[in-house]
Amino acid sequence: MKSNHSLLIGNAFSLTLIRREVHISPRPLEALKEAAAGAEVHSFWGHQETLAAASATAGFDLSCAHEDRPTIRLSPDLLPVLNGREFAECWVLSPNYKDGLRPAIGQAVPLDHILGWNVLQLKWI
């Protein structure tokens, strides 16, 4: 099946990469699933320990196609670029941890510490 659009997704998006106006909106999980329907997914998922659970939650594979932890860069138009492709929109699916847990750098969080998932949609203007 040929996709009619592309979808950029990751577990976080660095605010240091926002260099032009962007609109960030919390969205329901169903909106992410609808956006992904028929899309060519470009993932920059950064945490292998949550990949399977996040993929199951999203309803599609969030594995990175080209490398384990790809880097987002900026185009001359200051839009995110992944693997040479420019995007004007990005989705973020991030875990909602119990008890305000803030994992240490490099710490794997047990899946039973994830209460649910948050979805953000970033749209560059």
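Residues numbered from 1 in each chain as written. Predicted model: local features only at pLDDT ≥ 70, side-chain atom pairs only at ≥ 80, totals over all residues. Heavy atoms only, no water.

A. Broad picture of helix α2 (residues 48-58). Those residues of α2 lying buried are Thr50, Leu51, Ala54, Ser55, Thr57 and Ala58. Looking straight down α2, one finds that the buried residues subtend no more than 155° of arc, so they occupy a single side. Every exposed residue of α2 that faces more than 90 degrees away from the buried side is listed here: Ala52 and Ala56. Where α2 is buried, its residues contact α1 (29-36), β7 (89-97) and β8 (114-124). The positive-phi residue at the C-terminal boundary of α2 is Gly59, with phi of around 90°. (Buried < 20%, exposed > 50% of the residue type's maximum accessible area, 1.4 Å probe, protein only. Helix = DSSP H or I, 4+ residues; strand = E, 2+ residues; numbered from the N terminus. Arc of directions from axis to C-beta. Contact = heavy atoms within 4.5 Å.)

B. Main features of unusual backbone geometry. Of note in the backbone geometry, Leu78 takes a positive phi value of approximately 65° without being a glycine. Within the secondary structure, Leu78 sits in the loop between β4 (73-74) and β5 (80-82). With a phi close to 50°, Asn83 is a non-glycine residue in the positive phi region. Relative to the helices and strands, Asn83 resides in the loop between β5 and β6 (85-86). According to the relative accessible area criterion, Asn83 is partly exposed, its value standing at 41%.

C. Spotlight on the sheet that holds strand β1 (residues 5-10). The strand order across the open sheet built from 5 strands is β2-β8-β7-β1-β3, with neighbouring strands paired in mixed fashion. Because the sheet does not close on itself, it has two edges, and the strands there are β2 (22-26) and β3 (39-43). The sheet shows a mean angle of 25° between the axes of neighbouring strands, direction not considered. When β1 meets β7, the two strands line up parallel, connected through 2 bridges. Bridge pairing in β7 links Ile9 to Trp91. (Pairing = 2+ DSSP bridges. Axes fitted to C-alpha atoms, helices over the stretch in contact; angles between N-to-C directions.)

D. Region of interest: the nonpolar core. Leu7, Ile9, Leu32, Phe60, Leu62, Trp91 and Leu93 are the most contacted members of the largest nonpolar core, which has 17 residues in total. The set of elements that each furnish at least two residues to this core consists of β1, α1, α2 and β7. Take this core: its biggest share by element is 4 residues, from α1. Setting aside residues up to four positions removed in sequence, Leu7 forms contacts with Leu32, Ala35, Ala36, Ala39, Glu40, Val41, His42, Phe60, Phe87 and Trp91. In terms of nonpolar packing, the next biggest core, distinct from the first, is built from 12 residues, Leu8, Ile72, Phe87 and Cys90 among them. (Core = buried A, V, L, I, M, F, W, Y, C linked by side-chain atoms within 4.5 Å.)

E. Here's a closer look at the confidence of the model for the protein. Mean pLDDT over the protein: 88, with 86% of residues reaching 70 or higher. Within the protein, the element-level pLDDT minimum falls on α2, averaging 89, and the maximum on β2, averaging 98. (pLDDT = per-residue confidence, 0-100.)

F. A look at the pattern of salt bridges. The tally for this structure, following the rule as stated, stands at 1 salt bridge. Here Glu40 ties to Arg85 by a salt bridge, and the two come within 3.2 Å at their closest N and O atoms. Placement of the pair is Glu40 in strand β3 and Arg85 in strand β6, with a sequence separation of 45 residues. The exposure class assigned to Arg85 is partly exposed, which follows from its relative accessible area of 32%. (Salt bridge = Lys/Arg side-chain N within 4 Å of Asp/Glu carboxyl O.)

G. Representation of the sheet that holds β4 in the model. Taken in spatial order, the 3 strands line up as β4-β5-β6 in an open sheet, and their pairing is antiparallel. One side of each edge strand has no neighbouring strand; the edge strands of this open sheet are β4 and β6. For β5 and β6, the ladder comprises 2 bridges, and the chain directions are antiparallel. Bridging across to β6, Val81 finds its partner in Glu86.

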